[in-house]
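Here is how the chains run, residue by residue.
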Amino acid sequence: MPIETRTLYKPTSKLSQGSIRLWVEIWPATDQKALKKKWQIAPKPQLEFEARLIIWECQEIPMVDIEGCSDIFFTCKIGDELERRTDVHYRSSNGRGSFNWRMIFPINLPMHPHYATIQVWDKDLFSGDDF
């Protein structure tokens, strides 16, 4: 079967909008077996999975509070999923924190957008959290 490449155009533009590679099969109308054969081009159904994220410890976190310490916590998000937070490791004076915090995210694959965001924060009581 020969594969053809066709250029795609938008009716309001003279510039090419890309190309498509395809093949064309022509069957006689009398060949009923060939007419019943169909190609599945529907997208694959989404499958349900669990993404598990574990935050055990952190180090080298800058001390930004006026007392020379930090109140460390993490926020995590996968795609546009609900954000999850760890507890706060209060008064870290050496830039280290210990958590052992597990987060479970129900996800469907394929997934768009497909990225994870992990952020470390310093908890502040009288102002906004920073880092």
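To start, this report covers the structure provided alongside it. (Residues numbered from 1 in each chain as written. Predicted model: local features only at pLDDT ≥ 70, side-chain atom pairs only at ≥ 80, totals over all residues. Heavy atoms only, no water.)

## Description of the overall build of the protein chain
Piece 1. Check the secondary structure of the protein chain and you find 1 helix and 8 strands.
Piece 2. Going residue by residue from the N terminus, the α and β elements of the protein chain occur as β-β-α-β-β-β-β-β-β.
Piece 3. Taken over C-alpha atoms, the radius of gyration comes to 27 Å for the protein chain, far larger than the 14 Å a tight globule of 131 residues would show.
Piece 4. Dimensions of the protein chain, computed from C-alpha atoms along their principal axes, come out at roughly 85 × 40 × 25 Å.
Piece 5. Counting all 131 residues of the protein chain, 21% fall into the buried class.
Piece 6. A fraction of 54% describes how many contacts in the protein chain between residues 6 or more apart in sequence connect residues 24 or more apart.
Piece 7. On the protein chain, roughly 10800 Å² of surface is accessible, and the fraction owed to carbon and sulfur atoms is 56%. (Helix = DSSP H or I, 4+ residues; strand = E, 2+ residues; numbered from the N terminus. Rg over C-alpha atoms; globule rule 2.2 N^0.38 Å. Buried < 20%, exposed > 50% of the residue type's maximum accessible area, 1.4 Å probe, protein only. Contact = heavy atoms within 4.5 Å. Areas by Shrake-Rupley, 256 points an atom, 1.4 Å probe, with all protein chains shown as cover.)

## Considerations on unusual backbone geometry
Piece 1. Going from L109 to P110, the amide bond is cis rather than trans, its omega being 0 degrees.
Piece 2. Relative to the elements of secondary structure, P110 occurs in the loop between strand 7 (97–109) and strand 8 (116–122).
Piece 3. Despite not being glycine, E60 has its phi angle at roughly 60 degrees, a positive value.
Piece 4. Judged by relative accessible area, which is 74%, E60 ranks as exposed.
Piece 5. In this structure, R91 is a non-glycine residue whose phi angle is positive, near 55 degrees.
Piece 6. Positionally, R91 belongs in strand 6 (residues 89–92).

## Some details on the environment of T86
Piece 1. In this fold, T86 is placed in the loop between strand 5 (84–85) and strand 6.
Piece 2. Residues T86 and A116 lie 30 residues apart in sequence; the distance between their C-alpha atoms is 16 Å.
Piece 3. Other than its neighbours up to four places away in sequence, T86 contacts I55, F73, F74, F99, W101 and M103.
Piece 4. Of the polar contacts made by the side chain of T86, one reaches the backbone nitrogen of F74; its length is 2.9 Å. (Polar contact = N/O pair within 3.5 Å; in protein donor to acceptor, adjacent residues only side chain to side chain.)

Distances and angles like these do not, on their own, reveal function.
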